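# Fold and geometry: a report
Listed below, chain by chain, are the residues.
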Amino acid sequence: MGKLALAAKITHVPSMYLSELPGPRQGFRQAAIDGHYEISRRCRELGVDTIVVFDTHWLVNANYHVLCGPHFKGVYTSNELPHFISNMEYEFPGNTALGQLLAAECNRFNVETMAHHATTLGPEYGTLVPMRYMNQDQHFKVVSVSALCTSHYLADSARLGWAMRKAVEEHYDGTVAFLASGSLSHRFAQNGQAPDFATKVWSPFLETLDHRVVKMWENAEWEEFCGMLPEYAAKGHGEGFMHDTAMLLGALGWSKYDGKADVVTPYFGSSGTGQINAIFPVTPQDGAAIPAAQAANPAAVVSTSRL
């Protein structure tokens with residue numbers, strides 16, 4: 001019925017908002033902002049009606065959660081970096097029906113997921129920053145998915161991504177984009193050193209690792225990348241433990257995915273972290289490589305503990 005038309009790994013660095021404001025940093029994140037404009041342009045060309053964001057700033061300790069209120073409006077200040085994002089206004093429509101379909105299909109795939117529409121819960125800045133540049137005219141409906149998952153298996157996140165694709169393709173009458181909103185390496189600069197690392201990555205090791213990963217994406221080395229993702233998430237300080245990336249790749253077919261990443265904002269450093277905007281072409285997949293549900297299967301917890 002429906003279609004997953006676009007998938008992307010995106011940055012949401014708060015310095016993008018800071019880059020708008022008068023001062024010494026004005027304009028220094030224009031490349032990242034332009035990347036968001038390009039992703040928005042492609043979504044519009046493809047007829048996307050709803051953007052689903054896997055948000056690594058939405059921390060959850062149990063279950064997966066989908067925020068699908070009918071409308072979102074407010075003024076946001078980051079509790080993490082209030083000197084970067086302060087009193088930022090936002091407004092966009094939600095998509096309750098799609099959010100409920102996504103959660104229901106995840107549960108059918110044995111990945112325990114809850115949808116929230118009648119709630120005072122608001123989006124986090126992993127959703128708000130991209131929507132500021134992609135959706136200023138409120139053209140797209142928006143659904144946010146928790147992706148800072150503290151007690152979850154990457155295998156289940158991959159399976160969630162695939163289940164959400166199936167929900168769109170089999171139960172939704174519309175066209176959707178999935179965005180994994182999070183960095184590559186996410187090792188922040190030490191307190192007091194952040195200004196020195198405003199445009200740098202924390203260490204040569206992490207920067208080299210990130211560049212190798214981007215090359216793997218561009219070369220379609222997906223079996224190798226999926227195999228190393230658990231260690232990359234840990235040793236590479238992946239943001240949100242890389243659950244957003246697992247969700248995105250699950251939606252794309254996991255290790256059998258055969259597309260090549262299209263980098264629209266080249267890799268850059270920000271406060272010590274490694275960032276990118278990259279589009280992943282959606283290709284036909286049968287789901288054969290999608291991991292089995294792990295939390296719902298105690299035997300799998302033992303046999304695939306690395307995930």
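What counts and how
Residues numbered from 1 in each chain as written. Predicted model: local features only at pLDDT ≥ 70, side-chain atom pairs only at ≥ 80, totals over all residues. Heavy atoms only, no water. Helix = DSSP H or I, 4+ residues; strand = E, 2+ residues; numbered from the N terminus. 1 Å grid on protein atoms, 1.4 Å probe; cavity = no way out; pocket = protein on both sides within 12 Å on 5 of 7 lines; lining within 4 Å. Points joined across faces, edges and corners; volume = space filled by probe spheres on them. Phe/Tyr/Trp six-rings, centres within 6.5 Å; stacked < 30°, edge-to-face > 60°. Buried < 20%, exposed > 50% of the residue type's maximum accessible area, 1.4 Å probe, protein only. Nonpolar A, V, L, I, M, F, W, Y, C, P; charged D, E, K, R; others polar. Polar contact = N/O pair within 3.5 Å; in protein donor to acceptor, adjacent residues only side chain to side chain. Contact = heavy atoms within 4.5 Å. Axes fitted to C-alpha atoms, helices over the stretch in contact; angles between N-to-C directions. Parallel < 35°, antiparallel > 145°, perpendicular 65-115°, else oblique. Left-handed = near helix turned anticlockwise from the far one by under 90°. Salt bridge = Lys/Arg side-chain N within 4 Å of Asp/Glu carboxyl O.

Under the annotation held in an unreviewed UniProt entry, the chain carries the name 3,4-dihydroxyphenylacetate 2,3-dioxygenase and is attributed to Pseudomonas kermanshahensis.

## What about the environment of Gly269?
Tracing the chain through its elements places Gly269 in strand E9 (residues 262–270). Taking the C-alpha atoms as reference points, Gly269 and His186, separated by 83 residues in sequence, lie 9.9 Å from one another.

## Observations concerning empty space enclosed by the protein
Applying the stated criterion across every chain, the model contains 1 cavity of 30 Å³ or more. The volume enclosed by the largest cavity comes to roughly 80 Å³. Lining of the largest cavity is provided by 15 residues; of these, Val13, Pro14, Tyr125, Phe188 and Thr273 occupy positions nearest its centre.

## Quick notes on the packing of aromatic side chains
One pass over the structure, following the stated rule, counts 12 aromatic pairs. Ring geometry for Phe72 versus Phe92: centroids 5.8 Å apart, planes at 50°, classification tilted. Here Phe72, found in strand E4 (residues 71–76), pairs with Phe92, found in strand E5 (residues 88–93); they are 20 residues apart in sequence, far enough to count as distant. Across this residue pair, the class does not change: Phe72 and Phe92 are buried.

## Considering the layout of surface pockets
The volume enclosed by the largest pocket comes to roughly 260 Å³. Residue lining of the largest pocket: 17 residues in total, with His83, Phe84, Ala194, Pro195 and Ser271 positioned closest to the centre. A per-class count over the lining of the largest pocket returns 9 nonpolar, 6 polar and 2 charged. If you add up the space inside the second largest pocket, you get close to 220 Å³. Lining of the second largest pocket is provided by 13 residues; of these, Tyr64, Val111, Glu112, Asp156 and Ala295 occupy positions nearest its centre.

## Remarks on the side chain of Ser144
The residue Ser144 is located in strand E7 (residues 141–149) in this model. Using a relative accessible area of 3% as the deciding quantity, one classes Ser144 as buried. Among the polar contacts made by the side chain of Ser144, one reaches the side chain of Thr127 at a distance of 2.9 Å. Sequence-distant contacts of Ser144, defined by excluding residues within four places in its chain, comprise Val53, Asp55, Trp58, His65, Val66, Leu67 and Thr127.

## Description of the packing of helix H5 (residues 154–171) against helix H8 (residues 243–252)
Running from N to C, H5 and H8 point in directions that differ by 45°, and their axes come no closer than 6 Å. Relative to H8, H5 is oriented oblique. Crossing handedness for the pair H5 and H8: right-handed. Residue-level inspection shows Leu154, Ser157, Ala158, Leu160, Gly161, Trp162 and Arg165 of H5 in contact with H8, the latter providing His243, Ala246, Met247, Gly250, Ala251 and Leu252. Looking at side-chain class alone, the contact of H5 with H8 contains 8 nonpolar, 4 polar and 1 charged residues.

## Let's talk about the pattern of salt bridges
Opposite charge on two side chains permits them to pair, given that their charged atoms come into close proximity. Here the structure, examined in full by the defined rule, presents 14 salt bridges. Note that Lys9 and Asp244 form a salt bridge whose closest N and O atoms lie 2.8 Å from each other. One end of the pair, Lys9, is in strand E1 (residues 3–10); the other, Asp244, is in helix H8, and 235 residues separate them in sequence. The exposure classification of Lys9 matches that of Asp244, with both residues buried. In this structure, Lys235 engages Glu231 in a salt bridge whose closest nitrogen and oxygen atoms are separated by 3.0 Å. Residue Lys235 and its partner Glu231 are located together in helix H7 (residues 222–235), separated by 4 residues, close to a single helical turn. Residue class for Glu231 comes out partly exposed when judged on its relative accessible area of 38%. Among the ionic contacts, a cluster of salt bridges with common partners joins Glu38, Arg41, Arg42, Glu45 and Asp262.

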